[in-house]
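Coordinates in review
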Amino acid sequence: MVAIVQNGHKTLREKAKEVPIHEIESKKIQKVILDMKKALLSQDDGVAIAAPQIGESLRIFVVSGRAFDIGTGDYEENKSIPIADDIVFINPVITKLSRDKEEMDEGCLSVRYLYGKVKRSKKASIEAYDENGKKFKRGASGLLAQIFQHETDHLDAVLFIDKAKDIVNLPPKND
Ligand code: ZN
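Notes on the structure follow. The structure displayed is predicted, hence computed values, not measured ones.

1. Considering the layout of surface pockets
Size it by volume and the largest pocket reaches roughly 360 Å³. Around the largest pocket, the lining comprises 19 residues; the ones closest to its centre are Asp 45, Val 47, Glu 106, Gly 107 and Cys 108. Mapped by element, the contributors of at least two residues to the lining of the largest pocket are strand S4 (101-106) and helix H4 (142-155). At six residues, H4 tops the list of elements feeding residues into the lining of the largest pocket. Grouping the constituent residues of the lining of the largest pocket by class yields eight nonpolar, six polar and five charged. Considered as a void within the structure, the second largest pocket measures approximately 200 Å³ in volume. Forming the boundary of the second largest pocket are Gln 43, Asp 44, Asp 45, Arg 112, Tyr 113, Tyr 115 and Pro 172. In terms of residue class, the lining of the second largest pocket is built from three nonpolar, one polar and three charged.

2. As for the pattern of salt bridges
One pass over the structure, following the stated rule, counts 14 salt bridges. In this structure, Lys 10 engages Glu 14 in a salt bridge whose closest nitrogen and oxygen atoms are separated by 3.8 Å. Here Asp 153 and Lys 163 are joined by a salt bridge, their closest N and O atoms 2.7 Å apart. Separated by 10 residues along the polypeptide, Asp 153 in helix H4 and Lys 163 in the loop between H4 and strand S8 (165-169) bring together distant segments of the chain. Look at Lys 163 and you get partly exposed, because its relative accessible area is 43%. Because the salt bridges share partners, they merge into one network encompassing Glu 106, Arg 120, Asp 153 and Lys 163.

3. Re helix H1 (residues 27-41)
Helix length check: H1, at 15 residues, gives a terminal C-alpha distance of 21 Å against a target of 21 Å (1.5 Å per residue), a fit within 8%. All of the buried residues along H1 are Ile 29, Val 32, Ile 33, Asp 35, Met 36, Ala 39 and Leu 40. Down the axis of H1, the buried set is contained in an arc of 160 degrees. They therefore lie on one face. Facing away from the buried side of H1 by more than 90 degrees, the exposed set consists of Lys 27 and Leu 41.

4. Focus: H4
One turn of an α-helix holds 3.6 residues; hence residues three or four places apart share an orientation. Helix length check: H4, at 14 residues, gives a terminal C-alpha distance of 21 Å against a target of 20 Å (1.5 Å per residue), a fit within 8%. Among the 14 residues that make up H4, 12 are buried, leaving the element largely enclosed by the rest of the structure. Among the residues of H4, those classed as buried are Leu 144, Ala 145, Gln 146, Ile 147, Phe 148, Gln 149, His 150, Glu 151, Thr 152, Asp 153, His 154 and Leu 155. At the exit of H4 stands Ala 157, carrying a positive phi of roughly 70 degrees.

5. Side note on the environment of Gly 139
Residue placement: Gly 139 occurs in strand S7 (residues 135-141). As for Gly 139 and Ile 126, which are separated by 13 residues in sequence, their C-alpha atoms are 6.3 Å apart. When near neighbours in sequence (up to four residues on either side) are disregarded, Gly 139 contacts Ala 124 and Ser 125.

6. Regarding the nonpolar core
Within the largest apolar cluster, 20 residues are counted, with the highest numbers of intra-cluster contacts made by Met 36, Ile 49, Ile 60 and Ile 90. For this core, the elements supplying multiple residues, two or more each, are H1, strand S2 (60-63) and strand S3 (87-97). Here this core gets six residues from one element, more than from any other, and that element is H1. The next biggest cluster of nonpolar side chains, apart from the first, holds 18 residues, and it includes Val 63, Phe 89, Ala 140 and Phe 148.

Calculation rules
- Residues numbered from 1 in each chain as written.
- Predicted model: local features only at pLDDT ≥ 70, side-chain atom pairs only at ≥ 80, totals over all residues.
- Heavy atoms only, no water.
- 1 Å grid on protein atoms, 1.4 Å probe; cavity = no way out; pocket = protein on both sides within 12 Å on 5 of 7 lines; lining within 4 Å.
- Points joined across faces, edges and corners; volume = space filled by probe spheres on them.
- Helix = DSSP H or I, 4+ residues; strand = E, 2+ residues; numbered from the N terminus.
- Nonpolar A, V, L, I, M, F, W, Y, C, P; charged D, E, K, R; others polar.
- Salt bridge = Lys/Arg side-chain N within 4 Å of Asp/Glu carboxyl O.
- Buried < 20%, exposed > 50% of the residue type's maximum accessible area, 1.4 Å probe, protein only.
- Expected span 1.5 Å × (residues − 1).
- Arc of directions from axis to C-beta.
- Contact = heavy atoms within 4.5 Å.
- Core = buried A, V, L, I, M, F, W, Y, C linked by side-chain atoms within 4.5 Å.

In structure tokens form, the structure reads like this:
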């Protein structure tokens, strides 16, 4: 089991380091990516995770295939369909943010169990390397655009509670 560190852990407040491109396929980096996927999978509500959240100060985040299904509505409608593959973003750089913003509900696997409203750009474009060291670009709107912004914030030592308003504590009910 891979532990997800919580608010107060120092790695969450360190600016994460770039991954040297020639090291992407190394055992060390591949293990970090695998651990991130495992940590994400262990959380029912996890849609994405950044490396600092498992205590690794590296510029990597992973978006769960679930996020894409939620984005299209497929996840809610039919939970039995196979989920899409996780997508790995290494050394991500947001290249474009729409001026158009909206307040979105947000939470974080490292800030249990607070939720709040954060103003995010409705659209975002990102450039990153995948887990094979190949550069790619991706544009997104809605939930995925929100995830790009939340996760790159993690790599810059920012937590959503730094920006959120109307923060509430909603621990899960035991049933
Ligand atoms: Zn987070």
